[in-house]
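What the coordinates show
This is what each chain is made of:
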Amino acid sequence: MSEITLGIIGGGQLGSMLAIAAKKLNVKTVIFCDDTDAPAQNFCNKFIAGSYDDKEKISEFINQVDLVTYEFENIPFDTLNEINKLKTVLPKPSINRLIQHRLAEKDFINKLNIRTTRYVSIEKKSEIDALEDFLPGILKTTTLGYDGKGQFPINSSEELSSLNIDFSKGYILEKLVKLKKEISIIITRFSNNKYEIYEPIENTHEDQILKYSKIPAEINDKIFNQSKDWAMLIAEELKYVGTLCVEFFIDRNDNLYVNEIAPRVHNSGHLTINAFNVSQFENHIRAVCSLEQIPLKKISNAKMINLLGDQITHFRNKQKFNDNEFFFDYLKKEIKEKRKMGHVTTLL
Ligand code: ADP
Ligand code: MG
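Here's a quick rundown of the structure.

Here is what the cut-offs are and how they apply
- Residues numbered from 1 in each chain as written.
- Chains lettered and ligands numbered in written order.
- Predicted model: local features only at pLDDT ≥ 70, side-chain atom pairs only at ≥ 80, totals over all residues.
- Heavy atoms only, no water.
- Salt bridge = Lys/Arg side-chain N within 4 Å of Asp/Glu carboxyl O.
- Helix = DSSP H or I, 4+ residues; strand = E, 2+ residues; numbered from the N terminus.
- Buried < 20%, exposed > 50% of the residue type's maximum accessible area, 1.4 Å probe, protein only.
- Contact = heavy atoms within 4.5 Å.
- Donors = N, O, S within 2.8 Å, 3.2 Å for Na, K, Ca; no water.
- Phe/Tyr/Trp six-rings, centres within 6.5 Å; stacked < 30°, edge-to-face > 60°.
- Lys NZ or Arg CZ within 6 Å of the ring centre and 35° of its normal.
- Polar contact = N/O pair within 3.5 Å; in protein donor to acceptor, adjacent residues only side chain to side chain.
- Pairing = 2+ DSSP bridges.
- Axes fitted to C-alpha atoms, helices over the stretch in contact; angles between N-to-C directions.
- Core = buried A, V, L, I, M, F, W, Y, C linked by side-chain atoms within 4.5 Å.
- Near = heavy atom within 4 Å.
- Areas by Shrake-Rupley, 256 points an atom, 1.4 Å probe, with all protein chains shown as cover.
- Nonpolar A, V, L, I, M, F, W, Y, C, P; charged D, E, K, R; others polar.

Notes on the pattern of salt bridges
The full count for this structure, using the stated rule, is 18 salt bridges. Glu-73 is the salt-bridge partner of Arg-264, the closest N and O atoms lying 2.5 Å from each other. Taken together, the positions of Arg-264 in the loop between strand 15 (256-262) and helix 8 (272-275) and Glu-73 in the loop between strand 4 (67-70) and helix 3 (77-86) put the pair 191 residues apart, joining distant regions of the chain. Comparing Arg-264 with Glu-73 shows no difference in burial state: the two are buried.

See the structure below:
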């Protein structure tokens, strides 16, 4: 079979790990990113820097690849759609458009009879008075949020109306769930009813940023099965191809809710690199490039810690790790507070 060249949009750590997985499978990678310092340029075969609406740069990119995927969801729909006219984009651009908009995403999930937090769209200040039912809550921008960016905890309608916010830009208010735990399911869909699905991963956030992940998740059988069933239903309904992550809340009464969907590989799945025979990244490459599907096998229980900001320094200086510890440095040039700089996975 002739060699495949895969285009990847986005050059952060997820792009790096996709490129590393691709190399193992003899798939060449060309990464396109709007950041000239993007860390993934260290791992791909070719790197092109350009903004996501630069038609010339995008066409240079398209000319060099057989098909295109992406490592983050906030890519303009028009860009993905234009690319898709010339080279296949997977997951489909329409899926990205649906999921990158919190309101459309939650409407879609509810139509499948899957529970989400209660939510309401706010377009005007005058609507604020009728929102008591959704408080205490979290106000979120409908698009472009990540790692808690664009989110405001709200306790009262006075607090909401005192915010200096232009609601016409698109906001959603979500009722706060009294959290017992958060979990995620990572699933790779190859084609109709063909999946590889990882067991639920238990996640701990600090300041709305993922800090720790571990398997096995300490959850009951009902939640174990329901979370997997819901992830499969979502992936099947979307006719998804590639790796997808579903983030869940579990409340204090053991009710399960879908928080959000990520149409891509996910931070909580970094431990799959060391804990399974095939990682979420390799499975993504296998699915989008129509390579062989390999039955998933767990090698070990595991925990992962994200290294944020200057927490990376200690690990960069550390000379020796235990045999069961795996340190990943994302090679980001600049250390910024709360920025994801690396992670350590420990097999248990
Ligand atoms: P992001 O796109 O930044 O990941 P999320 O909606 O997943 O945004 O929110 C990040 C984190 O904030 C969640 O994982 C959870 O810990 C907390 N959070 C967000 N929304 C709610 C909510 N409605 N109730 C309780 N906690 C929430
Ligand atoms: Mg999230």
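Digging into the environment of Pro-263
Among the structural elements, Pro-263 can be located in the loop between strand 15 and helix 8. Separated by 35 residues in the primary sequence, Pro-263 and Lys-228 have C-alpha atoms spaced 16 Å apart. When near neighbours in sequence (up to four residues on either side) are disregarded, Pro-263 contacts Tyr-70, Glu-73, Pro-91, Ile-95, Asn-96, Ile-99, Tyr-240, Thr-243 and Leu-244.

Some words on the coordination of the magnesium ion (ligand 2)
Glu-247 (OE) and Glu-260 (OE) make up the full set of protein donors to the magnesium ion (ligand 2), lying at 2.0 to 2.3 Å. Linking Glu-247 in strand 14 (residues 242-251) with Glu-260 in strand 15, this pair joins segments that are 13 residues apart in sequence.

Examining the environment of Lys-336
Following the sequence through the fold, Lys-336 ends up in the loop between strand 17 (325-329) and strand 18 (340-347). In this structure Lys-336 comes out as partly exposed when scored by relative accessible area, which is 42%. With 108 residues separating them along the chain, Lys-336 and Lys-228 place their C-alpha atoms 36 Å apart. Setting aside chain neighbours within four positions, we find Lys-336 in contact with Gly-309 and Met-341.

Points about the packing of aromatic side chains
With the rule as written, the count across this model stands at 8 aromatic pairs. Measuring from ring centre to ring centre gives 5.6 Å for Phe-167 and Tyr-171, while their planes differ by 75 degrees; the resulting arrangement is edge-to-face. The residues Phe-167 and Tyr-171 share a single accessibility class, namely buried. When the centroid spacing of 5.4 Å and the interplanar angle of 15 degrees are considered together, the rings of Phe-321 and Phe-327 count as stacked. Taking the relative accessible area as the measure of exposure, Phe-327 reaches 24% and is therefore partly exposed. What links up through ring pairs into an aromatic cluster is the set Phe-32, Tyr-52, Phe-61 and Phe-72. Between Arg-97 and the ring centre of Phe-77, over which it is positioned, the NZ or CZ distance is 4.0 Å. The side chain of Lys-211 reaches across the aromatic face of Tyr-212, ending 6.0 Å from its centre.

Focus on the environment of Glu-123
For Glu-123, the location among the structural elements is in the loop between strand 6 (119-122) and strand 7 (137-141). By relative accessible area, which is 48% here, Glu-123 ends up partly exposed. As a C-alpha pair, Glu-123 and Tyr-171 span 48 residues in sequence and 6.8 Å in three-dimensional space. One polar contact links Glu-123 to Ser-121, side chain to side chain, over a distance of 3.4 Å.

Section: the sheet that holds strand 6
Taking strand neighbours across the sheet as the criterion, the 4 strands line up as 6-9-7-8 in an open arrangement whose pairing is antiparallel. Each edge of the sheet is formed by a strand with only one pairing partner; in this case those strands are strand 6 and strand 8 (151-154). Neighbour-to-neighbour, the strand axes of the sheet open up by a mean angle of 25 degrees, direction not taken into account. Two strands pair when backbone bridges link them, and strand 7 and strand 8 are joined in this way by 4 bridges, in the antiparallel orientation. Bridged to Gly-137 within strand 8 is Ile-154. Here helix 5 (residues 102-111) sits on the sheet and contacts strand 6, strand 7, strand 8 and strand 9 (171-175); the angle it forms with strand 6, its principal contact strand, is near 145 degrees.

Some details on the nonpolar core
Side chains of nonpolar character tend, in soluble globular proteins, to be buried together. Residues Ile-183, Ile-234, Leu-238, Leu-244, Phe-248 and Val-258 are the most contacted members of the largest nonpolar core, which totals 26 residues. Contributing elements (two or more residues each) for this core: helix 4 (93-99), helix 5, strand 10 (179-191), helix 7 (221-237), strand 14 and strand 15. It is helix 7 that contributes the most residues to this core, 5 residues altogether. Setting aside its immediate chain neighbours within four residues, Phe-248 contacts Lys-181, Glu-182, Ile-183, Ser-184, Ile-185, Ser-227, Trp-230, Leu-256, Tyr-257, Val-258 and Asn-259. Ranked by size, the runner-up nonpolar core spans 25 residues in total, among them Ile-8, Ala-22, Leu-67 and Val-288.

A closer look at the site of ligand 1
The immediate surroundings of ligand 1 are formed by 21 residues, with Lys-140, Gly-148, Gln-151, Glu-182 and Glu-260 found nearest. At a separation of 2.9 Å, a nitrogen atom of ligand 1 approaches a polar backbone atom of Val-177. Protein chains shield 92% of the accessible area of ligand 1, which is 540 Å² for the free molecule. Put simply, the parts of the chain that give the shell around ligand 1 at least two residues each are strand 7, strand 9, strand 10, strand 14 and strand 15. Considering only residue class, the shell around ligand 1 consists of 6 nonpolar, 7 polar and 8 charged.

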